[in-house]
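As a plain string of letters, each chain reads:
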2 protein chains.
Amino acid sequence: MEPIEVFKALSNESRLQILHWLKDPEKHFTPHEGIDMRKIGVCVSQVTDKLKMTQSTASQYLSILQRAGLIKTERIGKYTYYKRNEETIREIGAFFNNEI
Amino acid sequence: MEPIEVFKALSNESRLQILHWLKDPEKHFTPHEGIDMRKIGVCVSQVTDKLKMTQSTASQYLSILQRAGLIKTERIGKYTYYKRNEETIREIGAFFNNEI
DNA sequence: TTGACATATCGATAATTTGCGATATTATAA
DNA sequence: TTATAATATCGCAAATTATCGATATGTCAA
């Protein structure tokens, strides 16, 4: 967990939103056939629609969040699903309380 | 408290360090004649020395941290002292736990 | 008042980030 | 196989950030 990388990832309105939306995905995303969003996550297209930005941008933002350790990914067929990585998020909370 | 502004302020090694040093200033800064660092804070020159960057840069970094609400300032004579703003820091911790 | 510090601000250049369109890659279904 | 859909990556221009030197501003002491 690289604090600077994490804070950079969080320094952007869209990326903050993605992370927030993923906290309660059923509330924010339109369902995906036979996928439990809570367990599996949401795919890039779902995020793209919600963000109202290009697929390219959505994909990159998800990638930035993932490299920072804030979300994790699972490929199922031609879809890539992303969901929150609660462990890392807790770690950052701890870092914030102890080091900052 | 503007989360994006806060995370941007924290997205820099030097600024993170300043904030960390200020947590226990006596441990990290050389004393200033008759000033209780814990109560009053440390001045720009002290931070400049510790940072090993120019006075200009140190002053700007302190200003960025202050605008983000992470530190507060008090001018005494020709010195400007900065210390942590624990209230805001707590607020951000809460934001992090609740919104992110 | 003037000189000497401490700090803030301005203007500049290099580096990084933003967000896009175009294209490459991967996986499925026909 | 091939057409198609989903995703990733590349290369770009615009915007923002990093860091500096130079200079302005504020404050005290002589």
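Residues numbered from 1 in each chain as written. Chains lettered and ligands numbered in written order. Predicted model: local features only at pLDDT ≥ 70, side-chain atom pairs only at ≥ 80, totals over all residues. Heavy atoms only, no water.

As recorded in an unreviewed UniProt entry, chain A goes by the name Metalloregulator ArsR/SmtB family transcription factor, listed as coming from Paenibacillus ehimensis.

Caption draft 1: Spatial organisation of unusual backbone geometry. Even without glycine at this site, Lys52 of chain A takes up a positive phi of about 60°. Mapped onto the secondary structure, Lys52 of chain A falls in the loop between helix 5 (44–51) and helix 6 (55–67). (Helix = DSSP H or I, 4+ residues; strand = E, 2+ residues; numbered from the N terminus.)

Caption draft 2: Examining the packing of helix 2 (residues 13–21) of chain A against helix 6 of chain A more closely. Residue and element names in this part refer to chain A. Across the interface, helix 2 lies against helix 6 with an axial gap of 10 Å and an inter-helix angle of 70°. As far as their axial angle goes, helix 6 and helix 2 are roughly perpendicular. For the pair helix 2 and helix 6, contact is made by Ser14, Arg15 and Ile18 and by Tyr61, Leu62, Ile64 and Leu65, respectively. Of the residues contributing to the contact of helix 2 with helix 6, the split by class is 5 nonpolar, 1 polar and 1 charged. (Axes fitted to C-alpha atoms, helices over the stretch in contact; angles between N-to-C directions. Parallel < 35°, antiparallel > 145°, perpendicular 65-115°, else oblique. Contact = heavy atoms within 4.5 Å. Nonpolar A, V, L, I, M, F, W, Y, C, P; charged D, E, K, R; others polar.)

Caption draft 3: View of the pairing of strand 3 (residues 79–84) of chain B. All names here are of chain B. Inspection of the sheet shows strand 1 (residues 42–43) paired to strand 3 by 2 bridges, in the antiparallel sense. If you follow Val42 over to strand 3, its bridge partner there is Tyr82. Looking at chain direction, strand 2 (residues 71–76) and strand 3 are connected through 6 bridges and run antiparallel. Within strand 3, the residue paired with Ile71 across the bridge is Arg84. (Pairing = 2+ DSSP bridges.)

Caption draft 4: A look at the protein's contact with DNA strand D. Lining the immediate environment of DNA strand D, one finds 23 residues, of which Ser45 of chain A together with Ser56, Thr57, Gln60 and Tyr61 of chain B sit closest. Among the atoms of DNA strand D close to the protein, meaning within 4 Å, 69% are from sugar or phosphate groups. At 3.4 Å, a backbone N or O of Thr54 of chain B approaches a phosphate oxygen of DNA strand D. A distance of 2.8 Å separates a base nitrogen of DNA strand D from a polar atom in the side chain of Gln60 of chain B. Listing elements by their share of the surface near DNA strand D, those giving two or more residues are helix 5, helix 6 and strand 3 (79–84) of chain A together with helix 6 (55–67) of chain B. Residue composition of the surface near DNA strand D, grouped by class: 6 nonpolar, 12 polar and 5 charged. (Near = heavy atom within 4 Å. Polar contact = N/O pair within 3.5 Å; in protein donor to acceptor, adjacent residues only side chain to side chain.)

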